[in-house]
Amino acid sequence: MSKNFPSNYPDNHRREIIFWTFDSHRVLLNFDLISTETGYDYVKVGNGNTTDEQVLLIWSGGPAENKTKVLSAGNTMWFSFKTDGSQTYKGFSGVVQAVPAESKIDCDSEFDCKNGVCIPNEYACTKYSMLCTNFFDKHGLCRGRYKKRQKESKVKSQRKTNLQQRNAKAHEDLFFSNNPSRVIRPIPFSPLTKTPTQPRPETSHTLFKL
């Protein structure tokens, strides 16, 4: 569990752990809770004993309870937790255990990243999700859902633009209807000179015979 749990973890905190077991087993990490500052404080988990290599899970945000699991590919797993210098949350707590090498991860009804990671359904297919580091949540099962959301977002944006234009036109019409003297009338232009057409002064012509 994170430092100070269940109270909030400290600022500028860093923790790294290597889990290992017998060659005939794998490492299973079950999170009871993860809750961090979104976009700034990160929980990362991966295969092997070298931090930041073979990353399986990147978590920032929450809270999520009893829904996140990570199963290593071999008999070692690394874990890291880094925070910045601003807001703090509860952090994380969980249980680590050794399971037979032939074990498969069971996500129950939660989202299966297909890389040994289970994440909560409510965090899959979200715009800022980085949970499935193989991007399965974005480019696998969720591709259709993303396209639908993008289309809905585009339609919503267009409706907002149209509404703003209608409101601006209505405001303009109301302003000039209440202030008729402020109406700016266009000046006719000559198609040849492209300059405003002014009334020609009356002139008298005298003919001289040479």
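Residues numbered from 1 in each chain as written. Predicted model: local features only at pLDDT ≥ 70, side-chain atom pairs only at ≥ 80, totals over all residues. Heavy atoms only, no water.

**Remarks on the overall build of the protein chain**
Quick reminder of the rule: Here a strand is any run of E in DSSP of at least two residues, a helix any run of H or I of at least four, and the numbering for each starts at the N terminus. Burial here depends on accessible area, computed with a 1.4 Å probe over protein chains only, as a share of the maximum for the residue type. Under 20% is buried, over 50% is exposed, and the range in between is partly exposed. Contacts are assigned to residue pairs with any non-hydrogen atoms lying within 4.5 Å of each other. Only the protein chains shown count as cover for residues, with accessible areas throughout obtained via the Shrake-Rupley method and a probe of 1.4 Å.
When you go through the protein chain residue by residue, the secondary structure sums to two helices and nine strands. N-terminal to C-terminal, the α/β element order of the protein chain is β-β-β-β-β-β-β-β-β-α-α. The buried share among the 210 residues of the protein chain stands at 32%. Of the contacts formed within the protein chain by residues at least 6 apart in sequence, a portion of 69% connects residues at least 24 apart. Summed over all atoms, the accessible surface of the protein chain reaches about 14,600 Å², with 54% contributed by carbon and sulfur.

**Quick word on the nonpolar core**
What counts here: Think of a nonpolar core as a cluster: buried Ala, Val, Leu, Ile, Met, Phe, Trp, Tyr and Cys residues, connected wherever their side-chain atoms sit within 4.5 Å.
By size, the foremost hydrophobic cluster in this structure holds 24 residues, and its most contacted members are F31, V43, V45, L57, V70, F79 and I119. For this core, the elements supplying multiple residues, two or more each, are β2 (25-35), β3 (42-47), β4 (55-59), β5 (64-71), β6 (76-82) and β9 (117-119). For this core, the leading source of residues is β2, giving four residues. Contact partners of V45, with chain neighbours within four places excluded, come to L29, F31, V55, L56, L57, V70, M77, W78 and F79. Counting six residues, the second-largest nonpolar core is a separate cluster that includes L71, I105, C107 and C118.

**Section: the state of the cysteines**
What counts here: Cysteine sulfur pairs qualify as disulfides if the two atoms are within 2.5 Å.
Under the counting rule described, the total for this entry stands at one disulfide. The disulfide partner of C107 is C118, and the S-S distance across this bridge is 1.9 Å. A torsion of -80° about the S-S bond marks the disulfide between C107 and C118 as left-handed. In this pair, C107 sits in the loop between β7 (91-100) and β8 (111-112) while C118 sits in strand β9, placing the two residues eleven residues apart along the sequence. Across this residue pair, the class does not change: C107 and C118 are buried.

**Overview of the pairing of β4**
In the case of a regular strand, side chains alternate between the two sheet surfaces. Put simply, the test is: At least two bridges found by DSSP between two strands are what make those strands a pair.
Burial analysis of β4 places four of its five residues in the buried class, which makes it a mostly covered element. Bridge count between β3 and β4: four bridges; the pairing is antiparallel. Counterpart to K44 in the pairing with β4 is I58.

**What to know about the sheet that holds β6**
Under the convention used in this document: Lines fitted to C-alpha atoms define the axes, with helix axes restricted to the stretch in contact, and inter-axis angles between N-to-C directions lie between 0 and 180 degrees.
Here four strands make up an open sheet; going across it, the order is β1-β6-β3-β4 and the pairing antiparallel. Every interior strand has two partners, whereas the edge strands, β1 (14-20) and β4, have only one. Each strand of the sheet is rotated relative to its neighbour by a mean of 10°, with strand direction disregarded. Relative to β6, β1 is paired through seven bridges, and the arrangement is antiparallel. Across the sheet, residue R14 finds its bridge partner in β6, namely K82.

**Examining the pattern of salt bridges**
Should the charged atoms of two oppositely charged side chains come close, the side chains can pair. Note the threshold: Salt-bridge detection follows one rule: a side-chain nitrogen of Lys or Arg within 4 Å of a carboxyl oxygen of Asp or Glu.
Tallied over the full model, the rule gives six salt bridges. D52 is the partner of K44 in a salt bridge, and the nearest nitrogen-oxygen pair spans 3.9 Å. E122 is paired through a salt bridge with K67; the nearest N and O atoms lie 3.3 Å apart. Here the residue E122 occupies a position in the loop between β9 and α1 (136-139), and K67 occupies one in strand β5, the gap between them amounting to 55 residues. Here the salt bridges do not stand alone but share partners, grouping K44, D52 and K82 into one network.

**Here we look at the environment of P63**
Within the fold, P63 resides in the loop between β4 and β5. In this structure, the C-alpha to C-alpha distance between P63 and F92, residues 29 residues apart in sequence, is 9.3 Å. Leave out the neighbours within four places in its chain, and P63 touches L33, I34, S35 and Y123.

**Concerning the packing of aromatic side chains**
To be explicit about the condition: The rule is short: rings of Phe, Tyr and Trp, with Trp giving its six-membered ring, pair when the centres are within 6.5 Å, and they are stacked under 30 degrees, edge-to-face over 60, tilted in between.
As enumerated under the stated definition, the model contains five aromatic pairs in all. Centroid distance Y9 to F81: 5.1 Å. Interplanar angle 85°. Geometry classified as edge-to-face. Taken as a pair, Y9 in the segment before β1 and F81 in strand β6 lie far apart in primary sequence, 72 residues in all. The same class applies to Y9 as to F81, namely buried. Aromatic side chains F81 and F92 sit 5.2 Å apart centroid to centroid with 80° between the ring planes, which places their arrangement in the edge-to-face category. Of this pair, F81 sits in strand β6 while F92 sits in strand β7, placing them eleven residues apart in sequence. Neither F81 nor F92 differs from the other in exposure class; each is buried. Grouping aromatic residues by their ring pairs yields a cluster made of Y9, F31, F79, F81 and F92.

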